[in-house]
Amino acid sequence: MSTREQWGTRAGFVLAAIGSAIGLGNIWRYPYVLYENGGGSFLIPYFFALFTAGIPILLLEFWIGHRYRKAAPYALRDLARGWSWLGWWPAMVCFVIVTYYAVVLAWALSYMYFSFGLQWGDDTKAFLYGNFLKLTDSPSVVGGLQWHIVLPVVIVWAIVFFYVYRGVRKGIERANKVMIPLLLVMIAIVVFRGVTLPGAVDGLNHLLTPDFSKLANPQVWIAAYSQVFFSLSIAFGVMITYASYLPKRADINNSAFITGLANSGFEFFAALGVFGAIGFLAHVQGADVKDVASAGPGLAFVVFPKIISELPALNELFGVLFFGALVLAGLTSAISLVEVSIAAVMEKFSWSRQKAASIVCGAAFVGSLVYTTGGGLYYLDIVDHFINAFGGLLVGLLEVILVGWVVKKTAEARAYTNTMSDFAIGSWWDFCVRYVTPIVLGAMTLLNLVKEFR
Ligand code: PHE
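Residues numbered from 1 in each chain as written. Predicted model: local features only at pLDDT ≥ 70, side-chain atom pairs only at ≥ 80, totals over all residues.

- For the chain, an unreviewed UniProt entry supplies the name Transporter and the organism Calditerricola satsumensis.
- Recorded in UniProt under Subcellular location (unreviewed entry), the annotation for the chain is "Membrane". (UniProt positions renumbered as here; feature names shortened; annotations may be inferred.)

### Side note on the overall build of the chain
Alright, step 1. Scanning the chain for helices and strands turns up 20 helices and zero strands.
Alright, step 2. Computed over the C-alpha atoms, the radius of gyration of the chain is 21 Å, within 12% of the 22 Å expected from 2.2 N^0.38 for a compact globule of 454 residues.
Alright, step 3. Expressed along its principal axes, the backbone C-alpha trace of the chain runs to roughly 60 × 50 × 45 Å.
Alright, step 4. The buried share among the 454 residues of the chain stands at 52%. (Helix = DSSP H or I, 4+ residues; strand = E, 2+ residues; numbered from the N terminus. Rg over C-alpha atoms; globule rule 2.2 N^0.38 Å. Buried ≥ 20, exposed ≤ 12 C-beta atoms within 10 Å, placed from the backbone.)

### Some remarks on the site of the ligand
Alright, step 1. The local shell around the ligand holds 15 residues, among which G23, G25, S233, F236 and S333 are the closest.
Alright, step 2. Listing elements by their share of the shell around the ligand, those giving two or more residues are α1 (10–21), α2 (24–36), α10 (218–232) and α15 (315–349).
Alright, step 3. For the shell around the ligand, the per-class residue count stands at seven nonpolar, eight polar and no charged. (Near = placed C-beta within 6 Å. Nonpolar A, V, L, I, M, F, W, Y, C, P; charged D, E, K, R; others polar.)

### A short note on the nonpolar core
Alright, step 1. Grouped together as the largest cluster of nonpolar side chains are 163 residues, with contacts concentrated most on A102, L105, V160, Y225, A325 and V338.
Alright, step 2. If near-sequence neighbours (up to four positions away) are discounted, V338 is found in contact with V98, V160, V164, V360, C361 and A364. (Core = buried A, V, L, I, M, F, W, Y, C linked by C-beta atoms within 7 Å. Contact = placed C-beta atoms within 7 Å.)

### Section: the environment of Y225
Alright, step 1. Within the secondary structure, Y225 sits in helix α10.
Alright, step 2. Given 24 C-beta atoms within a 10 Å radius, Y225 is considered buried.
Alright, step 3. For Y225 and F47, which are 178 residues apart along the polypeptide, the C-alpha to C-alpha distance reads 9.4 Å.
Alright, step 4. For Y225, the contacting residues outside a window of four places in its chain are A49, A53, L393, V440 and M444.

### Let's talk about the environment of A363
Alright, step 1. Within the element layout of this structure, A363 appears in helix α16 (residues 353–369).
Alright, step 2. Note: C-alpha distance between A363 and F42 (321 residues apart in sequence) is 39 Å.

### Describing unusual backbone geometry
Alright, step 1. Of note in the backbone geometry, S233 takes a positive phi value of approximately 55° without being a glycine.
Alright, step 2. Residue S233 is classed as buried on the basis of its C-beta count, with 29 C-beta atoms lying within 10 Å.
Alright, step 3. For S350, which is not glycine, the phi torsion reads 50° and is therefore positive.
Alright, step 4. In this structure, S350 sits in the loop between α15 and α16.
Alright, step 5. Classification of S350 as exposed rests on a count of 9 C-beta atoms within 10 Å.

### Thoughts on helix α20 (residues 428–453)
Alright, step 1. Under the 1.5 Å per step criterion, the end-to-end length of α20 is 36 Å for 26 residues, consistent within 8% with the ideal 38 Å.
Alright, step 2. In α20, a bend of some 35° at T437 exceeds every other bend along the element, and P438, a proline, comes one to four places later.
Alright, step 3. Where α20 is concerned, the buried positions are W429, C432, V433, T437, P438, V440, L441 and M444.
Alright, step 4. Of the surrounding elements, those touching the buried residues of α20 are α3 (43–68), α10, α18 (392–406) and α19 (410–419). (Expected span 1.5 Å × (residues − 1). Bend = angle between axes of the 7 residues up to and from the residue.)

### Section: the packing of helix α9 (residues 200–208) against helix α12 (residues 252–285)
Alright, step 1. α12 packs onto α9 with a crossing angle of 125° between their chain directions and a minimal axis gap of 6 Å. Taken together, the axes of α9 and α12 are oblique relative to one another. The interaxial crossing formed by α9 with α12 has right-handed handedness. Taking contact as the criterion, the partners of A200, V201, D202, G203, L204, H206 and L207 in α9 are, on α12, A271, L272, F275, G276, I278, G279, F280, A282 and H283.
Alright, step 2. For the contact of α9 with α12, the class distribution of residues is ten nonpolar, five polar and one charged. (Axes fitted to C-alpha atoms, helices over the stretch in contact; angles between N-to-C directions. Parallel < 35°, antiparallel > 145°, perpendicular 65-115°, else oblique. Left-handed = near helix turned anticlockwise from the far one by under 90°.)

### Some words on the packing of α15 against α16
A pair of packed helices is captured by two measures, namely the crossing angle of their axes and the spacing between those axes.
Alright, step 1. Relative orientation of the contacting elements α15 and α16 amounts to 130°, with a least axis distance of 9 Å. The pairing of α15 with α16 is recorded here as oblique in orientation. For α15 against α16, the interelement crossing comes out right-handed. Where α15 abuts α16, its residues V338, S341, I342, V345 and M346 lie against R353, A356, A357, V360, C361 and A364.
Alright, step 2. In terms of residue class, the contact of α15 with α16 is built from nine nonpolar, one polar and one charged.

In structure tokens:
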């Protein structure tokens with residue numbers, strides 16, 4: 001009985017995995033993380049994290065998904081009895097993330113529209129917080145829904161729902177096949193423009209000048225691991241779910257390396273464009289790069305609108321391309337975030353995809369509404385902090401302990417993926433999964449806990 005949905009092509013799977021990985025984290029988080037944690041020298045902990053944890057765990061999750069061909073909770077249960085909770089937990093985390101991720105996409109969609117006529121005016125900060133988000137001092141849901149934000153949220157959810165409802169091949173795969181190439185073209189233009197603006201070189205110098213003294217700071221290493229986990233969508237159940245739709249024979253080793261390297265390549269490339277543009281703004285304002293640089297909503301919705309307004313020409317086009325890139329990158333990630341829950345409840349309750357997609361997307365949409373109130377941004381910050389502290393890293397740690405020490409299946413997993421791949425993974429992988437990754441992640445979890453409860 002093989003009724004499980006499948007990807008149409010191998011490229012479709014790899015594109016979907018890359019689509020999940022490339023998201024807001026690559027465009028608005030990574031550039032600042034790189035800048036703040038030592039610039040060029042941050043690439044050392046970053047690549048260390050990528051090759052000792054990022055790609056090894058990606059491979060591990062691809063193996064779990066492919067080998068057990070189930071959604072995350074049931075794949076983990078089949079791997080080790082009594083461990084399905086390790087699949088439900090990230091599924092719930094994904095559900096929470098997507099409720100606000102979709103809202104941020106809705107903001108980006110709105111800003112795409114505001115690009116026409118540069119509607120944010122001169123004071124982009126006041127525009128964001130006052131005119132657009134209408135933040136209230138005391139966060140309350142009572143403030144009521146803000147319909148001008150609810151509308152784009154509805155649009156975002158309609159798009160996500162459309163694709164997950166249609167299924168793996170006709171929906172998710174097709175979405176990624178259209179959106180990812182388009183995204184690459186758009187970001188290439190944005191980056192090209194960013195690095196050729198006057199003052200860009202100064203921005204790039206700030207971004208890349210190494211500060212090796214930072215390497216002694218454990219927080220820098222935590223930042224590297226956190227970035228790799230969130231950015232690669234690992235330890236969130238996504239990659240297990242996506243790999244469970246692979247055909248019997250699939251080159252897992254190759255796919256894991258392509259996904260990992262494409263995601264890192266993309267974020268590095270995006271960082272150049274972002275800091276080139278930041279350098280330009282500093283140049284125009286006669287300010288210092290460090291006073292202009294920022295991340296998250298501040299970067300995308302305060303600094304970038306300013307940059308767009310200051311451009312010598314084609315401002316509106318640049319705005320549409322930048323915010324459009326955010327929307328596309330985010331949509332493919334949002335699709336993967338809901339798919340984790342959809343796949344899981346389909347199996348749990350034996351629901352059809354249509355029913356599961358309707359219920360999951362419907363519930364997540366209602367959850368999203370919380371962030372469209374006057375207190376929205378506060379809730380978003382709280383939830384985001386909580387997810388970062390207790391999401392990814394901890395789940396990743398438990399996964400490697402489970403496979404490396406509880407069921408002791410690293411050798412089996414490697415033999416399994418090696419027989420169907422172009423190239424073989426060596427025993428370094430077992431060493432990472434059993435020793436390096438658990439030790440590093442364990443130490444980081446402790447540091448995080450100390451920070452959280454001190
Ligand atoms: N990787 C996505 C990003 O960089 C976010 C994401 C996290 C998507 C976890 C799915 C699961 O924005």
